Every structure is written in structure tokens, then in C-alpha cells.
Amino acid sequence: MERHRQGSQRQEEGGSDGHEDDGVLSAFLCPITMQVMRDPVVIETGHAYEREAIARWFSECRELGRGPCCPIAMQEVRRADLRPVLALRAAIGEWTDRRQRDELRGACQWLTKDAAEEEAVQALGCAVRGWSWGRACRRAVRGEGMMQMVGGMLRSGSAVVRLKALEAIQEFAKETDQDREAVSEGDTIRTIIKFIDCEDCQERELAVSALCDLSKSEVVCGKISELNGAVLILGKVAGSKAENPTVAEKAEMTLQNLDRCEKNAVQMAENGRLEPLLNLLIEGSPEKQLLMASSLEKIVLSNDLKILVARRVGSLFADIVEKGSLEAKEVVFKVLEHISANAESAKVLIEENVLLPLFRVLSINRTNLLPPRLQEAAAAVLANLVASGVDFGTVPLDGDRTLVSEDIVHNLLHLISNTSPPIQCKLLEFFDTLSSSTGTVLSIVSAIKSSGAITNLVQFVESDHQESRFASLKLIYKISFHMDHEIAQVFRASPTLLGCLVEVAFLNDGNTDEQHAALQILANLPKRDRHLTRELMEQGAFKIVARKVLSICRREAGSDIYDNTVLEGLAKVLARITYVLRDEPRCISLAREYNLAALFTSLLRLIGQDEVQLISARALMNLSLESKYLTSTPKFDGPEQKSKLALFGRKQPSFQFCCVHSGVCSIKDSFCILEGKAVEWLAHCLNHGNKKVAEAALAALCTLLEDEVEIAEGVLVLHRASGIAPIHLEGKPNRQSSAQGDVGCGEDTVFGGDF
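An unreviewed UniProt entry lists the chain under the name RING-type E3 ubiquitin transferase, from Panicum virgatum. The annotation that UniProt attaches to the chain under Pathway (unreviewed entry) is "Protein modification; protein ubiquitination." According to its UniProt record, the chain has this under Catalytic activity (unreviewed entry): "S-ubiquitinyl-[E2 ubiquitin-conjugating enzyme]-L-cysteine + [acceptor protein]-L-lysine = [E2 ubiquitin-conjugating enzyme]-L-cysteine + N(6)-ubiquitinyl-[acceptor protein]-L-lysine."

As C-alpha cells, then:
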């Protein structure tokens, strides 16, 4: 209180205390604070004071136990009323505004990037203060172009100046969109983005905060979207919560502000942030939905993002597929095809009930509603969905029907016969996939049988459209395990189709997978069908196969040169000859020409290829059954012939007499399995881990014990080949040690009276 009194006395005695030299009228100064008054009031003595200052003075007087008094006159006042001096306040306001504007104008000369650091910092401080002085000064800041000048200061070479400029921009951006747009003119936004990606932590933090406030304006959001990499940089900062949670939160808020701009939503989606685009897709108008879907179709999505898209907009896309415009359907089909390529996202689409709309747009009764390109896209999506591994026999489609219900399959099979090759290809792939599943293959086979569609499916073998032909071959191969006779009937009726199949399997140098499928179809045709065997012989198929198998054997088929299934298919096709030997002399000639008995004996040695060994053992059985009919009676030369040979220095020919077949045998001409170690390898297969192989080997060996052969000699041959013990053990599985002991007792003991 004493200090206030002394100040008042100096004011009374010394006038303005020097303030008039600075252009401040003494009447504008509060006698207590010696500062320009903002809310002047007058008391009973007629002196004017700052309201807050005089109120505090009166309060101190009461605390000292005395009545309020005038600080200047030091006389007690009876009333402590504080009356505002409106004229003085207006005069002070006018003077203050004029002085502040003059100060701001003076600061403008230092708001250049080339200004000295000290002057630039002062000028920036003046701009910030001016912004807080009131509306008049803010109008002055805007009118003098100081916002743009402050933005230009971001390019200063002084870090201190840049930090002050960022602080100023942050202040400007707190009010209106107009101010945010003004301060962002020029390269301001680009420069701020650079600061966000810089090493300096303080500059990065201020830059993120400033951009967060600026991004509240849609215009500014549009400018940010035009800068390549801006969204990516913000996304990186938003993801660094562990380093600086505050900065990360500001960056996240900025990204949320950017969500409102379509361009930014697209850029975010391109950088893995899909939610804004999906929100616009779900909530937007049909036009905006089309735009967002078109943008989504061009984005390469990870599998996780595909699942997200399927979950968020799967049901929306299903609705567009059924009810949307042609333009919208075309875009949606492309997105669905992309998403459904991943099994997990395809399962989500199925959960979102996409199947039924797809089937409806493909239905034969509604094909005229969609142009072919859209039908093809719908078929492609359907093919992808069924490849997801879901059991479609249990997935409801419409009421009690599923995708493999007979009428549904009939409808799609009918569509295959009445549409373009690209759509045919996709639908064939669809059926091929369903036929690969044990849960649905029987339903597909049943529907194909009941619809009589097998003829149309087989006719694709001669299609010029390679993709459709390949898809049909794969499908026919899958169903050939369940309807081989129906397939064979089609080929019997059309030798041309069978010739096309042979050509694809052996003569085309195209798709190896296509060749493999054609080969497996040939391999699965009924092996006892003499008509097909004769036709295949006419086509020259067996000679080609025999040469291929022989080539494989020479190169050791156990290597990686050939796939095991290819060798299995070739062996099956070649083994067909052995099932019609008695009815087809040409087959005997061919078997002799390529020494098939020796060839199948070689295949029997391929350890680890059970199917090939099984086929070979059965083929050897068939060949061996014919040996007794093909064995020739030896013709021994008389003394006269012998002397003539001796005269010319030639040896008498020696004949290989077969003790079992009682004649001259060879593995090549009479298919005798005693030659070429076939018996030894068949006996070895009796111990095979695969029961079917062992049984086939046993059946082949039993041909040495049939009627019209020397059975005793056959038993002796088996004994010498160590084939007795495995047979004995097979008959007595519970007495293994005893059976092994019996081997040394001779063949009579082992076989007893069974033979």
C-alpha cells in the first residue's frame, strides 16, 4: 500500500513519469499500476483508476482496519462506488489500436527469411501478441498479409526463427477456417510436412501440432492430399506411439480430419489405411460409392486388408450385385474377384451372403440382364469362392438349397452350354473345384448323370479355346473316378474326341498340366473296354506310351525328370494292352515289339512308387497267363544237320527250355516271367507294405501254378526265388516264428496238400 501511495505521489508531482515521451498520455495511465488502463473507473474524489487496481486498493484498506481512501488525495471516501468512464475507455481503446497497428506495420519489415535472427524473432513475437490483442489487431494482421509472411519464415535458416514461426502458425490456426486457409497459402503446408519428417524432435512436434489445427479446414485437407507422401508420413508418425505418444496422437487426429476429403481417403487406402475409404463407401451417395469402389479396385490389398474389406462392405457389395447399376456392378465384380482370391476373405464373403446374388445374376433365366463381361466377372468370383475350402454341401444358398443342390447344378451346367468361352471356362473351374472335395463331388457327379451333361463336358476336349479345354480336362479327370463308364461311352461314340484326347496327352507341346489331365483321363478309362483299346491302338497311342515309359526307365524314373503321377498314368494306359491279349493279336505283337514283360519288370523295381508297382504286377499277371499259349515246342537238329553246321564252323543253336511251360520261352516273345528276374522281383513284392501290391504280386506268381503248366516246377521256382515263406506267412499271421522255421523243411512241408 505504501508502494502504491508513493507511485501516486510521483504521478501527482512529476506528471507523466516520462510516458508522454513515449506517446502515452498521462490520463491513460492508472496511478496505481502505471499501466495504460483498459477499464477506467472514477471514484468519489474524481480521480480515474483501473477497475481491478482500485478495487484491490480498497480491499487492502479494509484489511488494515481503515476505510477506503483515494490513493492520490489520501482522503477517505464515504462511498466506494466505481463508476466507468466510457469516454476515457473509448479514447484509450482508439489510442491503443492505433499504436498496436503501428507496431504490427513496423514488424512486417522483419518478417522475411533474410532478416536477422533477433529482429525476426521480435517481429514474430509481435505478430503473436497482435493476434491476441483483439479483433482490430487481427484484422490488421490479416490486412497486412502477416499470416503469409509468417508462413514464409518457415524457410529461414535459423532454427529459432522456424520454431517461432511454427508457434505463430499454430496460434493463427486456432480460430476460423478462413485463417487456416490464409496461413496455408503458398508452400506453407509442404514445408510443414517436411518438418514432420525431419530429425529435430521439437520442430517435428510443433509441425504436427500446427498441421493438426490447420487440417480442421477442408480446403487445407485438400492441399495436404495434393502432396505426395504426406499421408504416408503422417501415418508413420501416428504409428510411433511408443516414441512420442503426444505427437502420435496429434498425427492421428490430423489423419482423422483428413478422412473427410475423398482424395485423402484414397491416399490413405493406398497406404494401408482403409477405414476412411470404407466409411465413405458405406455412408456415401451412390455416386460416391461408385467412386470409392473404383479407387478400391485399383489398390493392391494384403490378405489382412482383403478380410477387412470383405467384413466391412461384403453385404453392401452383395446388394449392389443384385440391385446396383451396371456400372456399379462392373466395379464391384472386379473388387470381389480381387478379394475372393484369398481363401480367408472369401469365407467372410460367403458369410456375408454373396453367393445367392452371384447365382441369381448367372441364372440361365436371367442371363439377358447382364452383358457377357459382367457374367464372366460373376463366374470368376464364384469360382474363387468355391476354391476357399468351404464345404458347400452345408452352406445354405436359398432356403434348403445349397450350391450343390441338383437344380442349382443343372442350371449352371445348362449355362455352360449356352454362353461364351470365358464364362464357360470359369464355370468349368467352379465344377472342377467342387469335384475336388470329397464332401461335394458325389453331388456334382449325381447332377451330371441326371442331366446328361457328360456329353457336353467331354466335347470341350476338342475346343479351340485352350483355357476352356484345360478346365474341362481337369473336371473330367476328377469325375472319371466315379463315372468312367459314362465317359467311355462318349469316347466310344466319337473316335474323333478320343483322337483329340490322345493328341492333347501326347502330341501337343503346350500346357504340361493339360497333358497330365488328358493322360489321367485315358488312364482311368475302363481297362477291359476292348473297343476303346482297339481305337487307342488305331490312334497309335500305345506305341507313343511305350516309347515314353521305355525312355523313363532308361533315365531312372525315380529321379526328378518325371512326376510320379505321370509315370502312373503312362503305366495304366500301357497296361490296357495286357487285358485284351487273347482277343487282339495286334496287342500281342505290340507287347512283343516293345518287350512289355521286361518293361513292366523294370517298373516293378521302382521302390516307393506303390501305384506303379501295383499296375506292373497286374500287367505281368496278364502277360504270364498268356505264356502257356505262346510257348513254342523246341525242334532239335538231327545228326545230319549237326554235321552240316560243324562243316561250316557254326555251333548248333541252344534253346532256353522252360520247365514250367514245357517249351521254348522268352520274356519278350512268350512273356514268361521266369525270364528277366521277374519272378524274383514279384517274390520281393510279397513283403511289400502295401497290401494291394503284395496281392497283385501273388496273383502274378500264381500263374506258375495253374492248369496246363508244370505245377511242381512252378513251386520249385518260387522256392528258389524265396517266394514260399512270404506266402506261408500271409496264410498264418499268428504263427510267424513257426512259419519261419518251416521254410527249412522243404516245399512239401510248407505247402502241405494245398497245391
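Enquirer: Which parts of the structure should I look at to understand the overall build of the chain?
Expert: In terms of helices and strands, the chain carries 42 helices and 7 strands. Within the chain, the proportion of its 755 residues that are buried is 48%. The contacts in the chain between residues at least 6 apart in sequence include a share of 65% that link residues at least 24 apart. Counting only carbon and sulfur atoms, one obtains 46% of the accessible surface of the chain, whose full area is about 36500 Å².

Enquirer: Explanation requested: helix H23 (residues 421–435) in the structure shown.
Expert: With 15 residues, H23 extends 20 Å between its outermost C-alpha atoms, agreeing within 8% with the 21 Å of an ideal straight helix rising 1.5 Å per residue. Buried within H23 we find Ile423, Gln424, Cys425, Leu427, Leu428, Phe430, Phe431, Asp432, Leu434 and Ser435. On its buried side, H23 packs onto helix H21 (372–386), helix H22 (406–416), helix H24 (441–451), helix H25 (454–459) and helix H26 (466–479).

Enquirer: Help me understand a positive patch on the surface, please; the structure alone is not making it clear to me.
Expert: There is a patch of like positive charges on the surface, built from Lys527, Arg528, Arg618 and Lys692. Tracing the backbone through its elements, the reader meets Arg618 in helix H35 (residues 610–630).

Enquirer: Which parts of the structure should I look at to understand the sheet that holds strand S2 (residues 48–50)?
Expert: By way of backbone hydrogen bonds, the strands of a sheet pair with one another, either parallel or antiparallel. The strand order S2-S1-S3 describes an open sheet built from 3 strands, whose pairing is antiparallel. Since the sheet does not close on itself, it has two edges, and those belong to S2 and strand S3 (83–84), each with one partner. Relative to S2, strand S1 (residues 40–42) is paired through 3 bridges, and the arrangement is antiparallel. When the sheet's bridge partners are listed, Val41 is paired in S2 with Tyr49.

Enquirer: Teacher, can you tell me more about the packing of helix H29 (residues 512–524) against helix H32 (residues 564–575) here?
Expert: Two quantities define a packed helix pair, namely the angle between the axes and the distance from one axis to the other. Taken N-terminus to C-terminus, the directions of H29 and H32 make an angle of 40 degrees; their axes are 8 Å apart at the nearest point. On the basis of their axis angle, the class for H29 and H32 is oblique. For the pair H29 and H32, the sense of crossing is left-handed. Facing H29, whose interface residues are His516, Leu519, Gln520, Leu522, Ala523 and Asn524, H32 presents Thr565, Val566, Gly569, Leu570, Lys572 and Val573. By residue class, the composition of the contact of H29 with H32 is 6 nonpolar, 5 polar and 1 charged.

Enquirer: Please clarify how the packing of aromatic side chains should be interpreted in this entry.
Expert: The description of an aromatic ring pair uses the distance of the two centres, along with the angle that the planes make with each other. With the rule as written, the count across this model stands at 3 aromatic pairs. Centroid distance Phe430 to Phe431: 4.9 Å. Interplanar angle 70 degrees. Geometry classified as edge-to-face. Residue Phe430 is classed as buried on the basis of its relative accessible area, which comes to 0%. On the basis of relative accessible area, Phe431 is assigned to the buried category, the value being 0%.

Enquirer: Would you mind going over the confidence of the model for the chain with me for this structure?
Expert: Fine structural detail should not be taken from predicted coordinates in areas where pLDDT scores are low. Residues of the chain with pLDDT of at least 70 account for 88%, and the chain-wide mean is 83. In this model, residues 640–653 is a region of pLDDT below 50 whose contacts with residues beyond four sequence positions or in other chains number 8 contacts. Low pLDDT (under 50) marks residues 733–755, which in the prediction has 16 contacts with non-local residues, meaning those over four places away or in another chain.

Enquirer: Even after reading the chapter, I still don't get the side chain of Asn524, so can you show me in this structure?
Expert: With respect to the helices and strands, Asn524 occurs in helix H29. Judged by its relative accessible area of 11%, Asn524 falls in the buried class. Excluding its chain neighbours within four sequence positions, the residues that come into contact with Asn524 are Tyr477, Ser480, Phe481, Asp484 and Lys572.

Enquirer: I'm lost on the pattern of salt bridges in this one. Help?
Expert: Note on pairing: side chains with opposite charge can pair once their charged atoms come close. Scanning all chains against the criterion turns up 31 salt bridges. Two residues, Asp179 and Arg142, come together in a salt bridge whose shortest N-O distance is 2.6 Å. Residue Asp179 is found in helix H8 (residues 177–183), and its partner Arg142 is found in helix H5 (residues 135–143); the two are separated by 37 residues along the sequence. According to the relative accessible area criterion, Asp179 is buried, its value standing at 0%. In this structure, Asp197 and Lys236 form a salt bridge, with 3.2 Å as the shortest nitrogen-oxygen distance. In this pair, Asp197 is assigned in the loop between helix H9 (188–196) and helix H10 (201–214) and Lys236 in helix H12 (residues 230–238), connecting sequence segments 39 residues apart. By relative accessible area, Asp197 is classed as partly exposed at 41%. By relative accessible area, which is 54% here, Lys236 ends up exposed.

Enquirer: How should I be thinking about unusual backbone geometry in this particular structure?
Expert: Excluding glycine, residues mostly carry a negative phi; peptide bonds, for their part, are mostly trans. The backbone of Met74 sits at a positive phi, close to 55 degrees, despite the residue not being glycine. Mapped onto the secondary structure, Met74 falls in the loop between helix H2 (51–63) and S3.

Enquirer: Would you explain the side chain of Thr188 in this entry?
Expert: Take Thr188: it is sitting in helix H9. For Thr188, a relative accessible area of 3% gives the class buried. At 3.3 Å, the side chain of Thr188 and the backbone oxygen of Val183 are in polar contact. Not counting residues up to four positions away in its chain, the partners in contact with Thr188 are Gly151, Leu154, Ile169 and Val183.

Enquirer: Help me understand the nonpolar core, please; the structure alone is not making it clear to me.
Expert: A general feature of soluble globular proteins is that nonpolar side chains tend to end up buried together. With 171 residues, the main nonpolar core has Leu296, Phe491, Phe506 and Leu522 as its most contacted residues. By residue number, the principal contributor to this core is helix H17 (residues 303–323), which donates 10 residues. When neighbours within four sequence positions are excluded, Phe491 is seen to be in contact with Val458, Leu497, Leu498, Leu501, Ile521, Leu525 and Leu532. With 56 residues, the next largest nonpolar core counts Trp131, Met147, Val161 and Val183 among its residues.

Enquirer: I tried to follow the environment of Ile476 on my own but got confused; where do I start?
Expert: Summarising the element assignment, Ile476 is placed in helix H26. For Ile476, a relative accessible area of 0% puts it in the buried group. Taking the C-alpha atoms as reference points, Ile476 and Ile521, 45 residues apart in sequence, are found 7.0 Å from one another. Setting aside residues no more than four positions away along its own chain, Ile476 makes contact with Leu457, Val458, Val461, Ile487 and Ile521.

Enquirer: What should I look at first to understand the packing of H9 against H10 in this one?
Expert: Look at H9 against H10: their axes get within 8 Å of each other, and the N-to-C directions meet at 140 degrees. One finds that H9 runs oblique with respect to H10. Between H9 and H10 lies a crossing whose hand is left-handed. Residues Ile189, Ile192, Ile193, Phe195 and Ile196 of H9 touch H10, and the partners they reach there are Glu203, Arg204, Ala207, Val208, Leu211 and Leu214.

Cut-off values and rules
- Residues numbered from 1 in each chain as written.
- Predicted model: local features only at pLDDT ≥ 70, side-chain atom pairs only at ≥ 80, totals over all residues.
- Heavy atoms only, no water.
- UniProt positions renumbered as here; feature names shortened; annotations may be inferred.
- Helix = DSSP H or I, 4+ residues; strand = E, 2+ residues; numbered from the N terminus.
- Buried < 20%, exposed > 50% of the residue type's maximum accessible area, 1.4 Å probe, protein only.
- Contact = heavy atoms within 4.5 Å.
- Areas by Shrake-Rupley, 256 points an atom, 1.4 Å probe, with all protein chains shown as cover.
- Expected span 1.5 Å × (residues − 1).
- Patch = residues over 30% accessible without salt bridge, like charges linked within 9 Å, V, L, I, M, F, W, Y side chains within 5 Å.
- Salt bridge = Lys/Arg side-chain N within 4 Å of Asp/Glu carboxyl O.
- Lys, Arg positive; Asp, Glu negative; His and termini not counted.
- Charge placed at Lys NZ, Arg CZ, Asp CG, Glu CD.
- Pairing = 2+ DSSP bridges.
- Axes fitted to C-alpha atoms, helices over the stretch in contact; angles between N-to-C directions.
- Parallel < 35°, antiparallel > 145°, perpendicular 65-115°, else oblique.
- Left-handed = near helix turned anticlockwise from the far one by under 90°.
- Nonpolar A, V, L, I, M, F, W, Y, C, P; charged D, E, K, R; others polar.
- Phe/Tyr/Trp six-rings, centres within 6.5 Å; stacked < 30°, edge-to-face > 60°.
- pLDDT = per-residue confidence, 0-100.
- Polar contact = N/O pair within 3.5 Å; in protein donor to acceptor, adjacent residues only side chain to side chain.
- Core = buried A, V, L, I, M, F, W, Y, C linked by side-chain atoms within 4.5 Å.

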